[in-house]
Amino acid sequence: MEVLAFVFGVFGLMAYGQVSALKKRIGDLERQLGQINGTAYAREREDRARMAAAHIGKRVRIALKEDHEDVDIMMADSKVVILDADRDWLRVRVEKGKTVSEKLIRLESIQNIRIES
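What you see is a predicted model, and the numbers here were worked out from it, not measured in a lab.

(A) Representation of the pattern of salt bridges in the model. As enumerated under the stated definition, the model contains 9 salt bridges in all. For the salt bridge of Asp-28 with Lys-24, the shortest nitrogen-to-oxygen distance reads 3.1 Å. Note that Asp-28 and Lys-24 are positioned in helix α1 (residues 2–35) at a spacing of 4 residues, about one turn of the helix. A relative accessible area of 26% places Asp-28 in the partly exposed class.

(B) Up close: the nonpolar core. Ranked by size, the top nonpolar core spans 16 residues in total, and within it Ile-62, Leu-90, Val-92, Ile-105 and Ile-110 carry the most contacts. Looking at this core, the elements that each hand over two or more residues are α2 (40–54), β1 (59–64), β2 (80–85), β3 (89–96) and β5 (110–115).

(C) Summary view of the packing of α1 against α2. Closest axis-to-axis distance for the α1/α2 pair is 6 Å, and the angle between their directions is 75 degrees. Judged on the interaxial angle alone, α2 and α1 are roughly perpendicular. Facing Glu-30, Leu-33, Gly-34 and Gln-35 of α1, the residues of α2 in contact are Tyr-41, Ala-42 and Arg-45. Looking at side-chain class alone, the contact of α1 with α2 contains 3 nonpolar, 2 polar and 2 charged residues.

Rules and cut-offs
- Residues numbered from 1 in each chain as written.
- Predicted model: local features only at pLDDT ≥ 70, side-chain atom pairs only at ≥ 80, totals over all residues.
- Heavy atoms only, no water.
- Salt bridge = Lys/Arg side-chain N within 4 Å of Asp/Glu carboxyl O.
- Helix = DSSP H or I, 4+ residues; strand = E, 2+ residues; numbered from the N terminus.
- Buried < 20%, exposed > 50% of the residue type's maximum accessible area, 1.4 Å probe, protein only.
- Core = buried A, V, L, I, M, F, W, Y, C linked by side-chain atoms within 4.5 Å.
- Axes fitted to C-alpha atoms, helices over the stretch in contact; angles between N-to-C directions.
- Parallel < 35°, antiparallel > 145°, perpendicular 65-115°, else oblique.
- Contact = heavy atoms within 4.5 Å.
- Nonpolar A, V, L, I, M, F, W, Y, C, P; charged D, E, K, R; others polar.

And the structure:
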């Protein structure tokens with residue numbers, strides 16, 4: 001029984017290694033496609049940059065991509081304010097309880113930006 005569990009454990013580790021390598025390659029490909037003008041990835045990136053620049057100083061809710069999640073931003077409950085934005089980075093102020101901190105977020109890590117009223 002222990003031998004069977006060991007064999008399944010080894011196969012599980014091998015599968016995890018292959019999946020994580022594949023995720024890295026996909027991320028690299030998405031990053032490269034975001035650099036090429038005319039692709040859907042480049043348009044999405046420009047749209048996020050425009051939206052972020054248009055809402056500097058406003059409270060927003062930011063949804064990050066799966067592998068780029070940040071606990072402070074997830075738990076901030078709409079207390080995230082965009083301080084500055086450029087083509088690659090977003091600087092935000094996060095208020096979580098009595099703690100206020102500033103964070104830099106890569107624009108490619110952002111899945112969605114919603115305006116909070």
